[in-house]
Structure formats: structure tokens, C-alpha cells
There are 2 protein chains.
Amino acid sequence: MKPPICEKLGIEFPIFAFSHCRDVVAAVSRAGGFGVLGALAFSPDQLEIELAWIDEHVDGRPYGVDLAIPMKYLGKGGGDDALPTNLEKLIPEAHWQFVDALLDKHGIPPLPADLEGKAAKAAGLNVDLESRAQIETALKHPLVKMFVNALGPPPADIIDACHDAGVLVGALCGSPRHAQKQVEAGVDVVVAQGTEAGGHCGEISTMVLIPQVVDVVGPDVPVLAAGGIGGGRQMAAALALGAQGVWTGSIWLTVAEADTHETAVQNLLEAKSTDTVRSRAMTGKPARQLRSAWTEAWEDPENPDPLPMPLQGLIYNKAARRFTRTKNKELNGWPVGQIVGAMDRVRPTQEVVLSMVEEWVEATERLGSLLADD
Amino acid sequence: MKPPICEKLGIEFPIFAFSHCRDVVAAVSRAGGFGVLGALAFSPDQLEIELAWIDEHVDGRPYGVDLAIPMKYLGKGGGDDALPTNLEKLIPEAHWQFVDALLDKHGIPPLPADLEGKAAKAAGLNVDLESRAQIETALKHPLVKMFVNALGPPPADIIDACHDAGVLVGALCGSPRHAQKQVEAGVDVVVAQGTEAGGHCGEISTMVLIPQVVDVVGPDVPVLAAGGIGGGRQMAAALALGAQGVWTGSIWLTVAEADTHETAVQNLLEAKSTDTVRSRAMTGKPARQLRSAWTEAWEDPENPDPLPMPLQGLIYNKAARRFTRTKNKELNGWPVGQIVGAMDRVRPTQEVVLSMVEEWVEATERLGSLLADD
């Protein structure tokens, strides 16, 4: 008897894999899991190209799309005020001076003039400004069976549009209170994310959070456990806690199919679990990432405080364009969870999925044997 | 087939319960678990009284003793330099002034002159200064089957004395590297403690930490999972991760048998999982505790930084004697893990043990059913 979420989505294993890379998404779904494309960075036109590619490479298996639609943010929630060029006016000059001095100290040259002029992409804000058009694009693809919002419950009209198209709506949360609000807003699948997770995360650990969320949403709402899950023992643990499946992200950054920047892959494979930090330095909201000269600088009480989302994302985006270009290792952090300590080599996606399943089965049998008569 | 640690200790369930209260220790062992007395605060003579009481109330079941023996600390590691009166000289006057101002702000009166004069007890340092005599006392009690050190591996002569008496030696750790060092030092049982745990804890979550520790120490060394464990689903999860048992502490603070201070019990039952903080404000080392006016004040960059262990413990001890006496709720934090959010009522110890076992069995069966044919 598979968990109900497997039946609902028509998948073999309750392994949900978040990735910005279409190759990884397709490979996970082909292997029997459920790939979810992190589509934040794609314009509606580009998203159409990505999804068409996945459709062709997924052997008819279902997959999902993840966006980051905020309920509200600076710039009065949209319109011209929310354009990066207008938002930039809200950033104090002292912050830019601090960033310039920091990058100078690390020997990072300014961007060439032709790159400098380009407007920051919305993705640099870590929120979506074109979400309705993106959703419209996604819903045209019948293999897209779930839409997940990384910033809590999406607006009601988006939930309705998904439901009309037979698409499940999921949302990430970090506390039982938020889980309850999401379900009240019409969310179908709660992704409960522990503090050990990569990217935006709350304070409560997965071990503590999952039973609390499961109890608050009740037996009819599937909960996926996120944070700290990279292998089959952790998958078995998450299911023991009451989750119907696992939501994974970090482990796909270093698979063979991933298009992660080479400097980042190197840093990720070298990192221990203690090398991550929950910091507002990347997006303005607390997000777990590799500790770097960038996070350290923003933590120093002598320096300016990070600005709220989406302003800090604009600052980070500009700086990251400079230091990524020069392959600087010290400044190059990456959103990743504590599971990074278990990521020590590049493996094919299919192998990661299948070895997770194998270890899950072993752990389940071992657990059962502890209760068997001698 | 029970986990090997159950056979080694002669216990029914692999539930290890840390408590400073002898009533709780005896009740857990009587219920089939393994109570462990946190003996830090007891002089050797007092410890003898406590252990004799447990012997009489434990129905012949085994139990353990936990101390906090540091490998090294300020004051050159012992001798007269380590006496609280001499250590106090190392505390800057500005720290005392800050504490006095803070307590004044909260309307806490000074201690009456007769109490003020009393030397701080070693327990106020959160380290043991009389550990060898304490161990000697403990080893005279044949039902004491395990000694656990809260500050990593104890000195070699203590490990040898325990082994000569047929007593297992356990030690707490927060990273795979420390686990490896402990086993090399002769520790028999590794208590791997996630960041969600109460009291001293590392940064890595239980979900991530346990498989790493299990893999590094190998199959012959029992690992107990600590941090975030308060119910049977969490127990099943911990065993799925590869632990042989669970080490619990926070949940025993509010059982009917506990002698926890009434203001603290009230604060604990009201707290959510987000109401704890990992702070150096209590002992000088990062320890998870209820967020309080005390922790907030020490976090403020405007104020002095906490001093290293054991000096901060001296400061905290003096302040706590003042604000505990007046039942002040704002300043009264307590070492506790994130599981505090699930502690919402006072229950008898036996009921907590047995409901944990019941939920563990249910979770194991549910996990097995996910793999059964439809």
C-alpha cells in the first residue's frame, strides 16, 4: 500500500526532487520519483521551452513546477513599483559602498560596462514578478501534476486555476501554524521544511516539525518532509514521523545531470554539515546556505544589516554576477541544507533515486525486525 | 530481536531518560526504560543518598549516572585555580554591572545578606569539580550499569574504572568527528545529539547527524539518538536512521514525578518549538534553552559577550538565584529542546514511556505496510 500521494500523482516512489535543472527533473520522474522544476528564473517564454523539453524526455511520467510567489513584498505588491529598477532606489547608498568595498577586498573586478547596464532579472529578487503568466504556461502541459509555491500559500486565483486544471497545489512551511493557514487557504499538499533544509527555512528541525504538522493538518492532507533528507534511512525516518513522502533539493545539486556552477559543485562536495549557515544575506529572509565570506561579512555587527526581501536579493544578485564570473571560491556560497556533509561525489540521478529506495526498504525491514520475536 | 544495547543493559525498551530527579529516573527504569540521573549538582555524599534511594525504588532494574567532566577548562584544569572563588576573579567588573542593571530593570531585589555570602556551588559552573569521588560513589551501586559524560569523553582513568566495574561508558557528541574521537578514547556508547536538543548541543540536526555518526563509528558501537525526540514516531525515526535507542531529556521536565521549579514548568508547558534558542548565556557554551529576557539581553550586540565556560555559569548561577527566588517569569529560561512545543500537560512518567512504546510500534507497522503488496 503506497502512500496516498503516490496514487494521486501516479508515481512509484514518494520522492520529490526540487531542481532548477530540467535534466534532473526529467531523470527523477523517469526513475519513478517526482521531479519538480524550480522555475523562478524563467520568463514565461523560457519556461515554455523548458517544459516542452521535459515533456519530451520524461517518458510520459508526471512532474511538477515550483515558483516563489510572495503574498506581499516591498513595492506595494506589484505594478511598476515592483520593477527592479524602481526597487533599487530603496537601497541605501551605504549598502552599495559596503558591497563594493567587500568585493574589492577579495580582488573582484567591476562588471564590464556592457554587462553592468543590464537590468537585474526578477530572479535576482528571489520572487516571481510574472507568476500568473508562468502558471498559465505550466497549466498547458498535461504532465505537470503539481504546482508548489516556495513562499507559502499562493493567491486564491492561482489555487483555483490549478484545481480547475486538475493540478495539486503544494506550499512550503516551517511551522504548524503556517501549515494550518495553508490548508485553510486551499493548499492540497504541505511541504513541511525543517531548519536543516537548504534555502528559505524556519527554525524548527524536521524531527520535531513533521509530527506537529501532521497532527495539525489531519490525516487527509498529505505532508511531505523536507530538510535533512538525502538517503533512504532519512526517507524511512520521515515516513515514520508521519510524512507521506520526502521533498529533497540539496542532493540534486551535485548529480551528474545538474548544471550547477563548477565552483559551487567543488565547494558543495568539500563542505561538511557544519559548513552551512542560516542567513539573511542572500535574499533578505533566513535561508540556509554555505558559509562564505559573503555571509560572514553580513553577520558582522560592524557592517550594515541585510535588507528585507526583495531588496537584499537585488544586492546579492549584482554582487554574485561579479564574483561568480571570476570563479571566486571564498564569496561563492550556495543555498544548500546540512545534508551537504553527505554529498561527497558526483552520481547519476537514477542511481541516487534507486539507492534511496533500496536503503528505505532496508531501514523499514530493520525497524520491523526490532519488534519481531527472537 | 531487540537492539544489542537492550541486551547489554538488560532493559526492555531502548528509551534512555536523562533527569536530575531521582523519582523520574526510578520511574523510567521501572517502566522498562533506562533512567539516567543527572548528578552534576550532587556532592559525593549527596550522590550516595540519591543512589541509595533509587536502588530502593527501582525494583532491581538497571539505571545510569550522568556527569559533566570537562577535559579542560579555565583555571588550569583543576586544583585551587578552579575553585569558584578564584575563578570569580577572572570575571570583568563590567559583566557584573551589566547583570545588576538587567536584574534591577526587571525589579529583582538583591539576595539577602545571608544568602549572598554563600560560595557558588560547583554545579553553578555546569562542570564537575568532584568527579572522581562521584564516580567512586556511583560504582559502589551494582544497579548503575552506565556512566555518561555530558562533555565528551571522560579522562582515561575514569573510563578504566568504569570498565573494571562492568559499567558502560557513554558520551554526548554533536558531530561525526567528535564521535570518532570518543570511540578512539574508549567510549562504549555514543549519544549523538542534534541541534534541536536541550542544553549543550552542536549545529547539526538529528536527522542529518545520526546516519553520519552511525557510519563513522561502525556497526559494533551503539549510537543513541538525542534531540527532538519526545514520542514514538520520533523514536521509530531515530531507529530508522540507524540508532539503537533514543536519549531523551526535555520531556521528563514536566512529568508528574519531576521536581522542576514551578515557574519553569509553567513556562515549559506554554512554550512553542520556536520559543527555544541556542545561546551561550547560561554556561558559556552554546546550549538550547527557553528564550528569555536573559538570553535576549546577552544576544544584544550592545551588551557584553558571554564569557567562556565555566565563568558564564558562575554569572548565570548568581543571577538565577536572584530571579528564581522571586519567581520572575521573563528571566526564567530553562535548558530544553525544541520538543518543548509538544509538551502541553503534566503526565505520569510511566504513561510517557508506555505511550512512546505504543506509538513506536504503530509507526513501525505503518512503515512496513507502505511496502506491503496491495
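Residues numbered from 1 in each chain as written. Chains lettered and ligands numbered in written order. Predicted model: local features only at pLDDT ≥ 70, side-chain atom pairs only at ≥ 80, totals over all residues. Heavy atoms only, no water.

If you look chain A up in an unreviewed UniProt entry, it shows as Nitronate monooxygenase family protein from Yinghuangia soli.

**Q** An account of the overall build of chain A is needed here, citing residue identities and associated values.
**A** Secondary structure assignment for chain A yields 15 helices and 11 strands. Relative to the globule expectation of 21 Å for 374 residues, the C-alpha radius of gyration of chain A, 20 Å, shows essentially globular dimensions. Overall size of chain A, expressed as C-alpha extent along the three principal axes, is 70 × 45 × 40 Å. When burial is assessed residue by residue, chain A has 58% of its 374 residues classed as buried. Long-range contacts, defined as pairs at least 24 residues apart, comprise 68% of the intrachain contacts of chain A with a sequence gap of at least 6. For chain A, the exposed surface amounts to about 14,700 Å²; the carbon and sulfur share of it is 51%. (Helix = DSSP H or I, 4+ residues; strand = E, 2+ residues; numbered from the N terminus. Rg over C-alpha atoms; globule rule 2.2 N^0.38 Å. Buried < 20%, exposed > 50% of the residue type's maximum accessible area, 1.4 Å probe, protein only. Contact = heavy atoms within 4.5 Å. Areas by Shrake-Rupley, 256 points an atom, 1.4 Å probe, with all protein chains shown as cover.)

**Q** So what's going on with the packing of aromatic side chains? Residues and values would help.
**A** Taken as a whole, this structure holds 14 aromatic pairs over all chains when the rule is applied. The residue whose ring lies beneath Lys318 of chain A is Trp96 of chain A, and the NZ or CZ to ring-centre distance is 5.4 Å. (Phe/Tyr/Trp six-rings, centres within 6.5 Å; stacked < 30°, edge-to-face > 60°. Lys NZ or Arg CZ within 6 Å of the ring centre and 35° of its normal.)

**Q** Could you give me a rundown of helix H14 (residues 311–325) of chain A, with the residues and numbers involved?
**A** Residue and element names in this part refer to chain A. In a regular helix each residue adds 1.5 Å, so 15 residues correspond to 21 Å; H14 covers 22 Å between its end C-alpha atoms and thus fits that length. Among the 15 residues of H14, 11 are classified as buried, and the element is accordingly described as predominantly covered. Every buried residue of H14 is listed here: Leu311, Gln312, Gly313, Leu314, Ile315, Tyr316, Asn317, Ala319, Ala320, Arg322 and Phe323. For H14, the elements touching its buried residues are helix H4 (84–87), helix H5 (93–105) and helix H13 (293–299). (Expected span 1.5 Å × (residues − 1).)

**Q** An account of the interface of chain A and chain B is needed here, citing residue identities and associated values.
**A** With 48 residues of chain A at the contact, the number on the chain B side is 48 residues. Of the roughly 3,900 Å² buried between chain A and chain B on both sides combined, carbon and sulfur atoms contribute 62%. On the chain A side of the contact with chain B, Met1, Met207 and Arg233 of chain A bury the most area, a combined 18% of that side's loss. Along the contact surface separating chain A from chain B lie four salt bridges. Where Glu203 of chain A meets Arg291 of chain B, a salt bridge forms, and the shortest distance between an N and an O atom there is 3.6 Å. Among the elements of the structure, helix H10 (206–217), helix H11 (232–240) and helix H15 (349–369) of chain A are those that each provide at least two residues to the side of chain A that touches chain B. (Buried area = accessible area lost by both parts, 1.4 Å probe. Salt bridge = Lys/Arg side-chain N within 4 Å of Asp/Glu carboxyl O.)

**Q** Go over the pattern of salt bridges with me, naming the residues and quoting the values.
**A** Considering all chains together, one arrives at 30 salt bridges over all chains under this definition. Of the charged contacts in the structure, one is a salt bridge between Lys272 of chain A and Asp275 of chain A, with a shortest N-O distance of 3.9 Å. The partly exposed category is assigned to Lys272 of chain A, whose relative accessible area is 48%. Glu12 of chain B serves as the salt-bridge partner of Lys2 of chain B, at 3.8 Å between the closest nitrogen and oxygen. Taken together, the residues Lys2 of chain B in the segment before helix H1 (4–9) and Glu12 of chain B in the loop between H1 and strand E1 (15–19) connect sequence positions 10 residues apart. Looking at Lys2 of chain B, the relative accessible area reads 31%, which means it is partly exposed. Via salt bridges that share partners, Asp100, Asp104 and Arg322 of chain A belong to a single interconnected network.

**Q** Which residues make up the sheet that holds strand E11 (residues 287–290) of chain A, and what values go with them?
**A** All names here are of chain A. Taken together, the three strands give an open sheet; going across it, the order is E7-E11-E10, and neighbouring strands pair in antiparallel fashion. The sheet is open, and its two edges are formed by strand E7 (199–200) and strand E10 (276–279), each paired on a single side. Here E7 runs beside E11; their pairing, made up of two bridges, is antiparallel. The residue of E11 that forms the bridge with Gly199 is Arg288. (Pairing = 2+ DSSP bridges.)

**Q** Go over the state of the cysteines, please, and point to the residues and values.
**A** A covalent bond between the sulfur atoms of two cysteines is what we call a disulfide. According to the stated counting rule, one finds zero disulfides over all chains in the structure shown. Considering cysteine sulfurs only, Cys173 of chain A is the nearest to Cys201 of chain A, which forms no disulfide, with 12 Å between them. (Disulfide = S-S within 2.5 Å.)

**Q** Mind laying out the side chain of Ser29 of chain A, listing which residues take part and the relevant values?
**A** All names here are of chain A. Within the secondary structure, Ser29 sits in helix H2 (residues 22–30). Of the residues examined, Ser29 reaches a relative accessible area of 1% and is grouped as buried. Of the polar contacts made by the side chain of Ser29, one reaches the backbone nitrogen of Gly35; its length is 3.0 Å. The contacts of Ser29, once residues within four sequence positions are left out, are Phe34, Gly35, Val58, Arg61, Pro62 and Tyr63. (Polar contact = N/O pair within 3.5 Å; in protein donor to acceptor, adjacent residues only side chain to side chain.)

**Q** If you had to explain the sheet that holds strand E1 (residues 15–19) of chain A to someone new, which residues and values would you point to?
**A** Residues and elements named next belong to chain A. The sheet built from eight strands closes into a barrel, its strands ordered E1-E2-E3-E4-E5-E6-E8-E9 with parallel pairing. This sheet shows a mean twist of 25° between the axes of neighbouring strands, independent of strand direction. Pairing of strand E3 (residues 63–67) with strand E4 (residues 144–149), which is carried by five bridges, proceeds in the parallel orientation. What sits directly across from Leu67, in E4, is Asn149. (Axes fitted to C-alpha atoms, helices over the stretch in contact; angles between N-to-C directions.)

**Q** Explain the relation of the copies chain A and chain B to me, using residue names and the numbers behind them.
**A** Placing chain A over chain B gives an RMSD of 0.0 Å and needs a rotation angle of 180°, together with 0.0 Å of translation along the axis. Put plainly, the chains are arranged around a two-fold axis. Relative to the rotation axis, the C-alpha of Ala237 of chain A is the closest in chain A, positioned 1.9 Å from it. Here 100% of the interface residues in chain A have copies in chain B that are interface residues too; the copies meet face to matching face. (Least-squares fit on C-alpha atoms with pLDDT ≥ 70 in both.)

**Q** Explain the nonpolar core to me, using residue names and the numbers behind them.
**A** Core analysis: the biggest nonpolar cluster contains 104 residues, and Ile15 and Trp252 of chain A together with Ile15 and Trp252 of chain B have the highest contact counts within it. Apart from the residues within four sequence positions on either side, Trp252 of chain A is in contact with Ile15, Ala17, Phe18, Val24, Val28, Ala258, Thr349, Val352 and Val353 of chain A. In terms of nonpolar packing, the next biggest core, distinct from the first, is built from 25 residues, Tyr63, Val65, Val167 and Ala171 of chain A among them. (Core = buried A, V, L, I, M, F, W, Y, C linked by side-chain atoms within 4.5 Å.)

**Q** Let's hear about the packing of helix H11 (residues 232–240) of chain B against helix H15 (residues 349–369) of chain B: which residues, and what values?
**A** All names here are of chain B. Contact pair H11 / H15: the axes reach a minimum separation of 7 Å and the direction vectors enclose 55°. Here H15 runs oblique to H11, going by the angle between their axes. Crossing angle aside, the handedness with which H11 passes H15 is right-handed. Facing Gly232, Arg233, Met235, Ala236 and Leu239 of H11, the residues of H15 in contact are Met356, Glu359, Trp360, Ala363, Thr364 and Arg366. (Parallel < 35°, antiparallel > 145°, perpendicular 65-115°, else oblique. Left-handed = near helix turned anticlockwise from the far one by under 90°.)

**Q** Break down helix H10 (residues 206–217) of chain B for me, with residues and values.
**A** Residues and elements named next belong to chain B. With 12 residues, H10 ought to run about 16 Å at 1.5 Å a step, and its terminal C-alpha atoms sit 16 Å apart, in line with that. Every buried residue of H10 is accounted for by Thr206, Met207, Val208, Leu209, Ile210, Pro211, Gln212, Val213, Val214 and Val217. Just past H10, the residue Gly218 takes up positive phi, approximately 85°.

**Q** Would you mind going over unusual backbone geometry in detail, with residue names and values included?
**A** Between Met309 of chain A and Pro310 of chain A the backbone carries a cis peptide bond, its omega angle lying at 5°. When you line up the elements, Pro310 of chain A lands in the loop between H13 and H14. Even without a glycine there, the phi angle at Asp59 of chain A is positive, about 55°. Structurally, Asp59 of chain A can be placed in the loop between helix H3 (44–57) and E3. Residue Lys327 of chain B is not a glycine yet carries a positive backbone phi of 55°. Note that Lys327 of chain B resides in the loop between helix H14 (311–325) and H15.

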